[in-house]
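Survey of secondary and tertiary structure
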Amino acid sequence: MYLSVRSYYSLRYGVISINNLINKAKEYGLSALAITDINNTTGIVDFVLECQNNNIKPIGGIEFRNWDKWMYTGLAKNNEGFHQLNNFFSKYHLNYYDFPEEPPEFDNVIFILPFTAIHKEQLKENEYVGVRLNEISKLYSFQSIPFREKLLYVNSVNFINASEWDLHRHLRAIDHNVLLSHVKESWLASQDELFYNPEELKEFCNHFPFLLENADRIARQCHLHFDMSVKNKSTYTGNRAKDSALLRKLTFNGMKERYRTVTTTIKNRIKKELYIIDEMGLSAYFLVTRDVISYSMQQGFYHIGRGSGANSMVAYCLYITDVDPLELNLYFERFINPKRSSPPDFDIDYSWKDRDYVLDYIFQQFGYGNTALLGTISTFKEKSIIRELAKTYGLPKKEIDALIERPEEYINKDVLYDQIFQVSNKLVGFPNLRSIHAGGVLISDRPVTYYSALDLPPKGYPTTQWDMYAAERIGFEKLDILSQRGIGHIKESVEIIRENTGEDVDIFDIQSIKTDSKAKNLLRKGETTGCFYIESPAMRGLLKKLRCDDYLTLVAASSIIRPGVAKSGMMREYIRRFHHPGDFEYIHPVMREQLKETYGIMVYQEDVLKICHHFAGLDLADADILRRAMSGKFRSKREFKRIEEKFFSNCRHYGYSEKIIHEVWRQIESFAGYSFSKAHSASYAVESFQSLYLKAHFPLEFMTAVINNFGGYYRTFVYINEAQRYGASIFLPCVNNSYYLTNIYGKEIYLGFVHIKDFENQLSMRIVDERIQNGKYKGLEDFVSRTNIGKEQSIILIRAGCLRFTGKIKAELLWKVHMLFLKKNNKTKEYKLFNISSAKDDKLPEFSQMPLEDAYDEIELLGFPVTLSLFDMLKTTFRGEMNASEMTDNVGKTFRMVGQLVTIKYVRTSRKEIMNFATFLDTKGEFFDTVHFPKVLKQYSFRGAGVYLILGKIVEEFGFASLEVEKMAKLSLKPDPRRE
């Protein structure tokens, strides 16, 4: 009889969570319950599985609406009916069509129409009329009630208690982006749409009991069921045995390529993995992934296979990953084992330029009907809720910003503010918007619409309405096709090296790259600017402290730098133990046995699993839940709490002291959301070494590629500085030498037109194409006539120095371009009031050009100066008492240093005070790092980008020097002569 129930997945409308719906149904002793969210099936998986777990028959449906108008509600009789509903919805939703006035006549779907349908002459076999609570009284007006067998009680369930209606009203205001007082009644659910108990429903329908009887009859016809079997494409070849044979063949072929010497250990490990893969029915999943990798390699796309998939030697032999599990002692069971509570998945990174081509291939190869991107659900966060709610109360932006930044000042200050805070507290964690997962792709054996209706986000690919958690719960193994800028600059580096030097670099000769002496030297010195994952100030400092110069240490460093290890205080302890391996005690013998490689410190997710299993006696299933919680892939707080209690209970049973128990748990807990698996760190380390190798041997080409990929840790001027450090000559964009992106000739790097603010992309392409087809430009007039450029864009190019090939200074060019366009415009007029002589006959005054003017033009148009440095632009000639290279020889002394600000990191102390770590460039272009404690920061804060004079004491930790700031002031630049 409960055939129209909305959860909070009816976004910005519903207010009841799935758990609360199920709990209320259990309280009432219901045997069946339907979920019919508005225009979506987002909550269907959780709803069905939770109903099954609680012996309640789940019924699935969709409430179809055109905007705020209810058209009809569809109920699936079975899974085929759910498929029909999803197909119908997706057809209209993906094409942005309104739903038709009349629902289709499906064999396995029941449609409930609004009460007005009672006046129709005839109803289709699958059509029924819904009667809501406030419509029951209308039945008294009929002498003979029409469609008696087709009338159902369907009062929508929107609220568990009446107080939730106000929350619903706020959500509707947010959804329509209007003031709360402007919410229309037609947008709102009726206040009587409550989750009444069965006895109350009988009372409401006591004069028309057939309403409930008919509803019960319909409920008995409907049932939706999901099992936990694997939903992915079940075979690659059409036959499981053939899949197994093909996978075996491809793996052993790859083994011969990967390993110069094939040992018995290698063969046995591969055979063991293949057996497990086959037993668990995962051969097709490996073959599908290998298919995608083969395509991308044929296209010349670079990829990085990372995550726990790198624990697999089969994946290594198939070139899905470049991590050798034997080298790092990675165990396959971390990726696939029968006791693991979640399905495995491969994470494949591509260049941001190539990813969409790979996605296109996947959809074409495996079919749009059976392929979909994975959705995600963004929830209301505290700040976003307050902002949205405050808007509905008409608060001005300035007041809203203050409310968000300093909420403590507004609590209990005003009834209005209190109302906003009260409502926001209730909305925390509510679903807000459906979006798209970062890279998850599902390749299903059956059409995806058997399980979900589909969205069409801006990416243009069909996308499930539920997220990765729901996918996992019903047995989907996603394939993550992700993008990152690091791969882009590696691929482009190889291309630029070939063009500029004629050399071909085998960037996939991983073994040689990992042992390259020049790359290892850069790593040890922290010369990692531009290198994937290891270029941040924190990572650069860690590498220097560890004196890291090998692959295995870099693997550890890639995980140690994560906030979890740093937060627990164990990063510093790891460094100390690394340098003094005999000068520490293990907290417990289990740590010595399980964590010898990492000096008794939990560094990887696997380490935490080992300790939970061997120290606290948790089984592998519980340990896996912990592992997923640590990586942010598990959302059940209740389950996590259960495991926490079991951890403490087991430890006390084993007789450990409370001090040891709490210290071990503290370290475990600090990993939540931040830890890496060892295989993931190893994958990142491979990519880092590829970057290091390229930088070590071809630094200028490498930095050109980094500049062109716009995805590093730093802003462009830092990478330009790095190229200069390695001997490059940097030139402003030039119409005769530059391209859209930055390019290199020998040791000369010409910045691309892309860096020029407000310059049109299409015009830059036209300039290059014309130059390639018809030769270099010979002068201003030639350039203007051949490119058909307008006056405003010409002025931008002149000010950016792009026409310096003419040999004329900017002021003269600006005069000439104005006169040129004046002449050009006059030619189009039929009558002339004045005679205008040609530009070449005009006598121009003497012009001068100051380097300082050019520098200010460059800052305005490029964001940074090129012809001068910021230090050259300072009023003062003082350049500090020392440079970065001298710091380690002067530890403990106080000096004044001058530096250009590069980046600031904000952290909170244990007292919740803000402190900063900053990075600067000295006058020689070398990095130095500073520490700004809260007391100093309050008096000497940062004042934006620029050059600073800094007084501080040089401190050192594990050989890495930094400046502990005592005073700081931003230095003034010389006045802009253009404004004088």
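Here the structure is a predicted model, which is why all the values come from computation and not from measurement. (Residues numbered from 1 in each chain as written. Predicted model: local features only at pLDDT ≥ 70, side-chain atom pairs only at ≥ 80, totals over all residues. Heavy atoms only, no water.)

1. What about the packing of helix 17 (residues 485–501) against helix 30 (residues 699–709)?
Defined as follows: Axis lines are fitted to C-alpha atoms, over the contacting stretch for helices. Their N-to-C directions set the angle, which ranges from 0 to 180 degrees. The numbering of helices and of strands both runs from the N terminus, where a helix is a DSSP run of H or I of at least 4 residues and a strand a run of E of at least 2. Angles below 35 degrees are treated as roughly parallel, those above 145 as roughly antiparallel, those between 65 and 115 as roughly perpendicular, and all remaining angles as oblique. Crossings are assigned a handedness: left-handed for a near helix turned anticlockwise from the far helix by less than a right angle, right-handed for a clockwise turn. Should any heavy atoms of two residues lie within 4.5 Å, those residues are considered in contact. Note on residue classes: Ala, Val, Leu, Ile, Met, Phe, Trp, Tyr, Cys and Pro are nonpolar, Asp, Glu, Lys and Arg are charged, and everything else, Gly too, is polar.
Packing of helix 17 against helix 30 leaves a shortest axis separation of 8 Å and a crossing angle of 135°. In terms of axis orientation, helix 17 runs oblique to helix 30. Read as a crossing pair, helix 17 and helix 30 show a hand that is right-handed. The residues of helix 30 that touch helix 17, namely those facing R485, G488, H489, E492, S493, I496, I497, N500 and T501, are E701, F702, T704, A705, V706, N708 and N709. Considering only residue class, the contact of helix 17 with helix 30 consists of five nonpolar, eight polar and three charged.

2. Some remarks on the sheet that holds strand 14 (residues 729–731)
Filter applied, for reference: We call two strands paired when DSSP finds no fewer than two bridges between them.
Taken in spatial order, the three strands line up as 14-16-15 in an open sheet, and their pairing is mixed. Looking at strand neighbours, the two that pair on one side only are strand 14 and strand 15 (743–745), the edges of this open sheet. Pairs of neighbouring strands in the sheet enclose a mean axial angle of 25°, with direction left out of account. Pairing between strand 14 and strand 16 (residues 748–750): three bridges, direction parallel. Note on strand 16: the bridge partner recorded for I730 is I749. Here helix 30 sits on the sheet in contact with strand 15 and strand 16, set at roughly 160° to strand 15.

3. A look at the packing of aromatic side chains
Both the distance between ring centres and the angle between the ring planes are used here to describe each pair of aromatic rings. Inclusion rule: Aromatic rings from Phe, Tyr and Trp, with only the six-membered ring used for Trp, were paired whenever their centres fell within 6.5 Å, and each pair was classed as stacked if the ring planes differed by under 30 degrees, edge-to-face if by over 60, and tilted otherwise. Comment: the charge-over-ring label is applied if NZ (Lys) or CZ (Arg) is within 6 Å of the ring centre and within 35 degrees of the ring normal.
Inspection of every chain in the model, using the stated rule, returns 66 aromatic pairs. Members of the aromatic cluster, joined through ring pairs, are F64, Y72, F88, F89, Y92, Y97, F99, F106 and F111. Positioned over the ring face of W352 is R485, at 3.8 Å from the centre of the ring. The residue whose ring lies beneath R771 is Y739, and the NZ or CZ to ring-centre distance is 4.8 Å.

4. Thoughts on helix 9 (residues 283–298)
How we decide: Between the first and last residue of a helix there are one fewer steps than residues, each counted as 1.5 Å, and that sum is the expected span. With a 1.4 Å probe rolled over the protein chains alone, any residue whose accessible area is under 20% of its type maximum counts as buried; one over 50% counts as exposed, and the rest are partly exposed.
A rise of 1.5 Å per residue sets the reference length of helix 9, with its 16 residues, at 22 Å; its end C-alpha atoms lie 22 Å apart and thus fit the reference within 8%. The buried fraction of helix 9 is high, at 13 of 16 residues. Where helix 9 ends, the next residue or the one after it, G300, has phi of about 80°, a positive value.

5. Topic: the environment of T265
Considering the arrangement of structural elements, one finds T265 in helix 8 (residues 264–279). The class for T265 is exposed, based on a relative accessible area of 52%. Residues T265 and L326, 61 residues apart in the sequence, show an inter-C-alpha distance of 9.1 Å.

6. Points about the nonpolar core
The test is simple: To form a nonpolar core, buried Ala, Val, Leu, Ile, Met, Phe, Trp, Tyr and Cys residues must be joined to one another through side-chain atoms within 4.5 Å.
Core analysis: the largest hydrophobic core is formed by 121 residues, its most contacted members being F647 and L797. Counting residues per element, this core draws most heavily on helix 29 (residues 678–697), which supplies eight residues. Discounting residues that sit within four places of it in the chain, L797 has contacts with V735, F753, I756, F759, I767, F783, I789, C802 and L803.

7. Details of helix 2 (residues 44–53)
The element helix 2 is extensively covered by neighbouring structure, given that eight of its ten residues are classed as buried. Residues I44, V45, D46, F47, V48, L49, E50 and C51 constitute the buried set of helix 2.

8. Describing empty space enclosed by the protein
Once rolled over the atoms, a probe with the size of a water molecule shows which space is left empty. As a reminder, the rule being used: Cavity and pocket criteria rest on a 1 Å grid covering protein atoms alone: a 1.4 Å probe that fits but cannot get out defines a cavity, protein on both sides within 12 Å along at least 5 of 7 lines defines an open pocket, and an atom within 4 Å of a point defines a lining residue. Grid points are joined across faces, edges and corners, and a volume is the space filled by probe spheres set on the points.
For the structure on display, the rule yields five cavities of 30 Å³ or more. For the largest cavity, the calculated volume is near 70 Å³. Together, N232, K233, A284, Y285, V288, V441, I443, E477 and L479 line the largest cavity. At three residues, helix 9 tops the list of elements feeding residues into the lining of the largest cavity. In terms of residue class, the lining of the largest cavity is built from six nonpolar, one polar and two charged.

9. Considerations on the layout of surface pockets
Empty space within the second largest pocket amounts to approximately 1400 Å³. Every residue lining the second largest pocket is counted, 48 residues in all, and those nearest its centre are A538, I561, M571, K905 and F917. Across the lining of the second largest pocket, the residue classes break down as 24 nonpolar, twelve polar and twelve charged.

10. Some remarks on the confidence of the model for the protein chain
To keep it simple, the criterion reads: pLDDT expresses, on a scale from 0 to 100, how confident the predictor is about each individual residue.
For the protein chain, the average pLDDT comes to 92, and 96% of its residues sit at 70 or higher. Confidence over residues 829–841 falls short of pLDDT 50; this stretch has six contacts with residues more than four positions distant or in other chains.

11. Regarding the sheet that holds strand 6 (residues 151–153)
Taken in spatial order, the six strands make up an open sheet running 1-2-3-4-5-6, and their pairing is mixed. Lying at the two open borders of the sheet, with one neighbouring strand each, are strand 1 (32–38) and strand 6. Looking at each pair of strands side by side, their axes are set apart by 30° on average, direction ignored. Bridge analysis of strand 4 (residues 109–113) against strand 5 (residues 127–131) gives three bridges, and the strand direction is parallel. Counterpart to I112 in the pairing with strand 5 is Y128. Contacts from helix 3 (residues 79–94) reach strand 2 (57–66), strand 3 (69–76) and strand 4, with the element oriented near 20° to strand 2. Relative to strand 6, helix 6 (residues 210–221) is tilted by about 90°, and along the sheet it contacts strand 2, strand 3, strand 4, strand 5 and strand 6.

12. Overview of the packing of helix 7 (residues 240–258) against helix 8
Packing of helix 7 against helix 8 leaves a shortest axis separation of 11 Å and a crossing angle of 155°. For the element pair helix 7 / helix 8, the angle class is roughly antiparallel. Between helix 7 and helix 8 lies a crossing whose hand is right-handed. Contacts between helix 7 and helix 8 involve R240, S244, L247, R248, T251, F252 and M255 from the former and I266, K267, I270, K271, L274, I277, D278 and E279 from the latter. Split into classes, the residues belonging to the contact of helix 7 with helix 8 amount to seven nonpolar, two polar and six charged.

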